[in-house]
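Remarks on the overall topology
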Amino acid sequence: MPLLELSNLRKDFGGLRAVDDVSLTVPEGAIIGLIGPNGSGKSTLIDLIAGATELTAGRVIFDGDDISGLPADAVYHKGIIRGYQEPTLYFKMTVLDNLLLPVKDQRGEQPWYAPRPRSWQREEQTHAEAAMKVLRQVQLLPHYDTLASDLSGGQMKLLEIARALMGKPKLLLLDEPTAGVAPKLAYDIFQQIARLRDDHGITLLIVEHRLEILFDFVDYVYVMHLGNLLASGSAAEISAHATVREVYFGD
Ligand SMILES: Nc1ncnc2c1ncn2[C@@H]1O[C@H](COP(=O)(O)OP(=O)(O)O)[C@@H](O)[C@H]1O
Ligand SMILES: [Mg+2]
């Protein structure tokens, strides 16, 4: 049984069919690439999986459960967590605080518990330990006290991923994790991403434009075009695929 299975997923925006009956599977422990020209529906597909936009038709099965139509926070708690294309960091806060701030249900923030520090100090310490662990996973631990605004572009991307890791994802959805980053750093980011799978067992679905980097890391690739799945296969198969080359490179 695959970890994620999409059957005939569809999204209409008015008269525009952004995602046109897409079916695909993501096996547990895989790194799967999702590629396609601008406007082909990749981000909309990620939104549909994450519950960020309402689906028009089709089914999303995750870990054996039908999660079609669940709201984003319920999908998050099931273990599907997404990164965003644009960094959404708190730039005037430290790296560590960026990870601690979004954690939900912290008791110290609730008026009833705030005057009772012992009820939340332990919880806060646990969050801080989890954050340090996550920073180690993406090799940002030495920068825990750095302001987010002082990080390099590549480190900001990694911090964004670290924040997603705080939610303990089973499946991590990344939409262009190297956008705007220099090529050498882009390769480093992918090495860190691969380590999440290799060392921590996280399954990944990654939208990426830099095919030469993506293809070094993926187990399998799906290609979208005009809302449809145009092709799927190994990186080698997709590189050699005549129609894909036509759509991508005008061959
Ligand atoms: N919220 C929206 N409202 C209307 N149209 C949208 C919306 N989001 C995306 N689209 C359209 O859906 C199509 C697919 O977009 P998108 O999923 O962002 O493509 P990609 O990520 O592959 O570049 C595009 O034609 C885009 O203009
Ligand atoms: Mg997009």
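Residues numbered from 1 in each chain as written. Chains lettered and ligands numbered in written order. Predicted model: local features only at pLDDT ≥ 70, side-chain atom pairs only at ≥ 80, totals over all residues. Heavy atoms only, no water.

1. Things to note about the domain arrangement of the chain
By convention, interface size is frequently given as the accessible area that disappears when the constituent parts associate. With domains assigned, the chain is organised as domain 1 (4-79 + 169-249) and domain 2 (89-156). For domain 1 and domain 2, the distance between their C-alpha centroids amounts to 29 Å. In this assembly, eight residues from domain 1 lie in contact with six residues from domain 2. Taken over both partners, the interface formed by domain 1 and domain 2 buries close to 580 Å², and the fraction arising from carbon and sulfur atoms is 53%. Looking at the side of domain 1 facing domain 2, the largest losses of area belong to Q192, L196 and H200, adding up to 49% of the total buried there. Counting every contact that joins domain 1 to domain 2 gives zero salt bridges. By residue number, the principal contributor to the side of domain 1 that touches domain 2 is helix α6 (residues 183-200), which donates six residues. (Domains from an automatic or database assignment. Contact = heavy atoms within 4.5 Å. Buried area = accessible area lost by both parts, 1.4 Å probe. Salt bridge = Lys/Arg side-chain N within 4 Å of Asp/Glu carboxyl O. Helix = DSSP H or I, 4+ residues; strand = E, 2+ residues; numbered from the N terminus.)

2. Brief notes about the sheet that holds strand β2 (residues 16-26)
Read across the sheet, four strands follow the order β2-β1-β4-β5 without closing on themselves; strand pairing throughout is antiparallel. Of all strands in the sheet, those bounded by a partner on one side alone are β2 and β5 (65-66). Direction of pairing for strand β1 (residues 4-13) relative to β2: antiparallel, over a ladder of seven bridges. Bridge pairing links K11 to V19 in β2. Along the sheet face, helix α1 (residues 42-50) touches β1 and β2 and points at about 115° away from the line of β1. (Pairing = 2+ DSSP bridges. Axes fitted to C-alpha atoms, helices over the stretch in contact; angles between N-to-C directions.)

3. Overview of the site of ligand 1
In the vicinity of ligand 1, the residues found are F13, L16, A18, P37, N38, G39, S40, G41, K42, S43 and T44. One nitrogen or oxygen atom from the side chain of K42 is found 2.8 Å from an oxygen atom belonging to ligand 1. Within the backbone of S43, a nitrogen or oxygen atom sits 2.9 Å from an oxygen atom of ligand 1. Against a free-state accessible area of 560 Å², the protein chains account for coverage of 57% of ligand 1. Broken down by secondary-structure element, the contributors of at least two residues to the shell around ligand 1 are β2 and α1. At three residues, the largest contribution of residues to the shell around ligand 1 is made by α1. Here the shell around ligand 1 is built from residues that sort into four nonpolar, six polar and one charged. (Near = heavy atom within 4 Å. Polar contact = N/O pair within 3.5 Å; in protein donor to acceptor, adjacent residues only side chain to side chain. Areas by Shrake-Rupley, 256 points an atom, 1.4 Å probe, with all protein chains shown as cover. Nonpolar A, V, L, I, M, F, W, Y, C, P; charged D, E, K, R; others polar.)

4. Describing the side chain of T44
Here T44 shows up in helix α1. By relative accessible area, which is 13% here, T44 ends up buried. Residue contacts for T44: discarding those within four places in its chain leaves K11, F13, A18, V19 and T53. (Buried < 20%, exposed > 50% of the residue type's maximum accessible area, 1.4 Å probe, protein only.)

5. Quick word on the sheet that holds strand β7 (residues 171-175)
Spatial ordering of the open sheet is given by β6-β7-β8-β3-β9-β10, a layout of six strands whose pairing is mixed. Lying at the two open borders of the sheet, with one neighbouring strand each, are β6 (80-82) and β10 (228-233). Going from strand to strand, the sheet's axes swing by 20° on average, the running direction of each strand aside. Summarising the sheet, β7 and strand β8 (residues 203-207) pair through five bridges and their orientation is parallel. The residue bridging L174 from the neighbouring strand is I206, located in β8.

6. Details of the pattern of salt bridges
Enumeration according to the criterion identifies nine salt bridges in this entry. Here D188 and K184 are joined by a salt bridge, their closest N and O atoms 3.1 Å apart. Residue D188 and its partner K184 are both found in helix α6; the two are separated by four residues, about one turn of the helix. Classification of D188 as partly exposed rests on a relative accessible area of 26%. Of the residues examined, K184 reaches a relative accessible area of 59% and is grouped as exposed. As a salt-bridge pair, D198 and R197 come within 2.8 Å of each other at their nearest N and O atoms. Among the charged side chains, a network of salt bridges with common partners joins R197, D198 and D219.

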